[in-house]
Every structure is written in structure tokens, then in C-alpha cells.
Amino acid sequence: MKKKKKVSPIFTEEDKTLDLALRPQSFKDYIGQTNIKKNIRVIVEAAKRRKDPCIEHLLFYGNSGLGKTTLSYLVAKEMKVGIRTIAGPSIKKSGDLAAILTNLREGDVLFIDEIHRMNRTCEEIIYPAMEEFRLNLIIGKGPMARTMNLKIPRFTLIGATTRLALLSSPLRSRFGATFRLDSYTTKEIEQIIKRSASLLGLRMEQDSITTIASRSRFNPRVANRLLKRVRDFSEVKGSNVIKKKEAEEALSFLDIDEAGLESGDRKILQVLLSRFNGGPAGLQSLAIASSEEEETIIEIYEPYLLQSGFIQRTPRGRVATEKARKYIDKRRKI
Ligand code: ADE
């Protein structure tokens, strides 16, 4: 049997570069999340009428690849202000955050991705910054320590997280509005693929778009990545219009099946079914048995397996559904 190339649903640097190239440049180009777009438009419009360069701080949460970063860039663009992006885990000391805050320009958006992974000690810095645009710094140690209170430029904080529950409630409550990004519909994913294909200068038959969309886990970043892989495949084949058969061949070469499951997803199901007799299995046991990190199971595999009805979460652990059992049995027979 031909050796299948593995792709993982874990997003890579390459995906991020691709995101940049295909990122919508205006709300008009941004497909899906209709309600959030409407709400943001109202917030932005109201601030403009007040002649306020800032809006209230926003928190976006939802699975990876659903467009939290893109929305944040669109907010800054709409407000006609700059945006400074920083990853939560890279803010290790309160001094790091203080330096970023003092270097902002009036009105800027500060986008903190994975804000749940920001060091907890930074929270003391961030609260007065969010509420009063002030920094309270402690200079020196012991009896000689002094506090310094500095004014910083007014800014809008946009936080993004995949794990809302890991944010402390005082931090959560300081955001003026919190938005949950949902998965996209198949129709929206098809529209996104069409738009990306046109930006990449690709000609595609509708059937090939439908095929890619059906395996994209209702996620734009996955859709764009699969589109790129299909494009590579068809380039090698020398075809100038991408057809359904080519899309199917490319995706099965990548080991992505009709349900959009990849090898890692199937492994989780197989482990649940064979080692735990369908479950329930606790997260830790499942992680050990499948040689995956607990975080990866929670953030990468589980959302789609839950959404597509292959597993359920119960108080006693994860359970494989009848659908999963039938699905894995059928694949064994192929
Ligand atoms: N590319 C990635 N996400 C998108 C979206 N929501 N709309 C349009 N193009 C996209």
C-alpha cells in the first residue's frame, strides 16, 4: 500500500503565513460570524460618533483557526488605529507588559493572543491599565521599594483565547464585551474557499470546492490549508482546472477521510474503543494511551470529534458514540 503523507490538525507557522495572505481586509470580505460583525460595527460606529479613538476592551474566544486574529485586525482597521500583537505566553514578567503598554500610541489596539497563557503576575499591571490607563510600577525591593504611577496612552485591549475558563474572573470581567466565535456552516466554508481560490488565481469546479469544504472541520484555517494542498497536487499533475477527482485524490493522499478526520483523530477514537471499551475514559488516561498531550486533545482533536458526534463528554470522562464505533468498524473493512 502507498504510504500516506500525514498532516496534522495542529496549526503550523506555514498556516499562519497563509492566513496572512488570505486574510480579509474589510468586514465586507469577512465571511461568517454575522452576529459578531454586527455587534462590533455598532461598537465601532458609536465610538466614532463620540470621537473616541478607543472602544471598550474586547474578548474573543473560540477554537483555533476560527478568525479571532482576523477580526481583531479588522477592528483596528475600522477604527483607523495601529495594532500591536503579542502572544500571551511570551509575556513572562510584569516588566515585559509594562514596556509594551508604555510604547503604545494613543488609540492603538493591543492584541494579546492566547491571553489565558499570560503570566498571572501580569494581571496586577493590566487591571489599572485597562481601567484607568495607568501603570502602577514597584521600583526596587524590600524597605526601599517605591511605587510609581504612570499615565499610559489610551488603548483598546483585544484578548483572544481558546480556553475561556482558564481566564481569571477579575480579568474576564474587565472586558466590555465578550464574543464567542462559532464554527462555520458548510456554505460559509465553501464561500471562503471560493474567495481564497480566486486570490490564489485558481480555477476550480464547484464539486471540488464542495469536496474540500466537506472535509474542512467547519474551520476556515483548515479549509485554506486543504485548498493549498489540493493546489500543490493539481500543479504537479499539470491540470489548469481543479476537479473533484483531484481534490479527492489529494485529500486521501493526505490521509484526510470523508468525515474530515485525520490520523490523530482516528487514533483517539481507536484508543477509546479498543483500550477503554468505548469509555468513559478520563482525559489523563486517554492522553497517555494515545501518546498525545492533554492540551492537544482538548484544543485540537476534541472540538471536532464532539461537534461531529463521534465522542461525548460525560462527568466520568470521554465516551465514543455508536457513530464512532460504526465508523471505525467500516474503515477496518476497507
Ligand atoms: N479566510 C479565512 N477566514 C475567512 C473569513 N471568515 N472570511 C473570508 N476569508 C477568510
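Refer to the preceding data block for the structure.
The following paragraphs examine the structure supplied in this document.

About the thresholds
Residues numbered from 1 in each chain as written. Predicted model: local features only at pLDDT ≥ 70, side-chain atom pairs only at ≥ 80, totals over all residues. Heavy atoms only, no water. Helix = DSSP H or I, 4+ residues; strand = E, 2+ residues; numbered from the N terminus. Buried < 20%, exposed > 50% of the residue type's maximum accessible area, 1.4 Å probe, protein only. Contact = heavy atoms within 4.5 Å. Lys, Arg positive; Asp, Glu negative; His and termini not counted. Charge placed at Lys NZ, Arg CZ, Asp CG, Glu CD. Pairing = 2+ DSSP bridges. Axes fitted to C-alpha atoms, helices over the stretch in contact; angles between N-to-C directions. Near = heavy atom within 4 Å. Polar contact = N/O pair within 3.5 Å; in protein donor to acceptor, adjacent residues only side chain to side chain. Areas by Shrake-Rupley, 256 points an atom, 1.4 Å probe, with all protein chains shown as cover. Nonpolar A, V, L, I, M, F, W, Y, C, P; charged D, E, K, R; others polar. Parallel < 35°, antiparallel > 145°, perpendicular 65-115°, else oblique. Core = buried A, V, L, I, M, F, W, Y, C linked by side-chain atoms within 4.5 Å. Domains from an automatic or database assignment.

1. A closer look at the overall build of the protein
A count of helices and strands for the protein gives 14 helices and nine strands. Projected onto its principal axes, the C-alpha coordinates of the protein cover approximately 75 × 45 × 30 Å. Across the 334 residues in the protein, those meeting the buried criterion constitute 52%. Put simply, 70% of the contacts in the protein that link residues at least 6 apart link residues at least 24 apart. Of the side chains in the protein, 61 bear a positive and 41 a negative charge, and the two mean positions are spaced by 0 Å.

2. Quick word on the sheet that holds strand 3 (residues 109–113)
Spatial strand order, 2-3-6-1-7: five strands in an open sheet with parallel pairing. The open sheet terminates on both sides in strands that have one partner only, identified here as strand 2 (83–87) and strand 7 (177–180). Each neighbouring strand pair of the sheet contributes to a mean axis angle of 15°, computed without reference to strand direction. Direction of pairing for strand 1 (residues 58–61) relative to strand 6 (residues 156–161): parallel, over a ladder of four bridges. Residue Y61 lies in a different strand from strand 6, and its bridge partner there is T161.

3. Here's the deal with the site of the ligand
All residues adjacent to the ligand are L22, P24, D29, Y30, I31, Y184, I192, R195, P220 and N224. The contact in question runs from a nitrogen atom of the ligand to an N or O atom on the backbone of I31, over 2.8 Å. Separating a nitrogen atom of the ligand from a side-chain N or O atom of R195 is a distance of 3.2 Å. Relative to its free-state accessible area of 260 Å², the ligand is covered by the protein chains to the extent of 93%. Every element with two or more residues in the shell around the ligand is listed here: helix 7 (186–199) and helix 9 (220–237). Considering only residue class, the shell around the ligand consists of seven nonpolar, one polar and two charged.

4. Quick word on the packing of helix 4 (residues 94–102) against helix 5 (residues 123–132)
In the contact formed by helix 4 and helix 5, the axes pass within 9 Å of each other and the chain directions differ by 25°. As the angle between them shows, helix 4 and helix 5 are arranged roughly parallel. Of the residues in helix 5, those in contact with S94, L97 and L101 of helix 4 are I125, I126 and A129. Here the residues of the contact of helix 4 with helix 5 sort into five nonpolar, one polar and no charged.

5. Regarding unusual backbone geometry
Following G279, the chain continues to P280 via a peptide bond in cis, the omega torsion being 5°. One can find P280 in the loop between helix 11 (263–274) and helix 12 (283–290). Phi is positive for S291, which is not a glycine, with a value near 50°. Among the secondary structure elements, S291 is positioned in the loop between helix 12 and helix 13 (294–307).

6. Here's the deal with the pairing of strand 5 (residues 146–151)
The element strand 5 is barely covered by neighbouring structure, given that only zero of its six residues are classed as buried. Examined bridge by bridge, strand 4 (residues 134–139) and strand 5 share six bridges and lie antiparallel to one another. Paired with N136 across the two strands is N149, which belongs to strand 5. Linking strand 4 to strand 5, which pair antiparallel, is a turn of six residues; within it G140 sits at a positive phi near 80°.

7. Describing the side chain of S196
Checked against the element boundaries, S196 lands in helix 7. Among all residues touching S196, those that are not within four sequence positions of it are L22, N224 and L227.

8. What about the nonpolar core?
I40, L58, F60, I193, M204 and I212 are the most contacted members of the largest nonpolar core, which has 47 residues in total. If one sorts the elements of this core by residue count, helix 9 sits on top with six residues. Composition of this core by domain shows at least three residues from each of domain 1 (33–180) and domain 2 (186–253). Beyond its immediate sequence surroundings of up to four residues, F60 is in contact with I36, I40, K68, L71, S72, I158, G159, A160, T161, F179 and L181. Within the second largest apolar cluster, 28 residues are counted, among which are L110, C122, L137 and L157.

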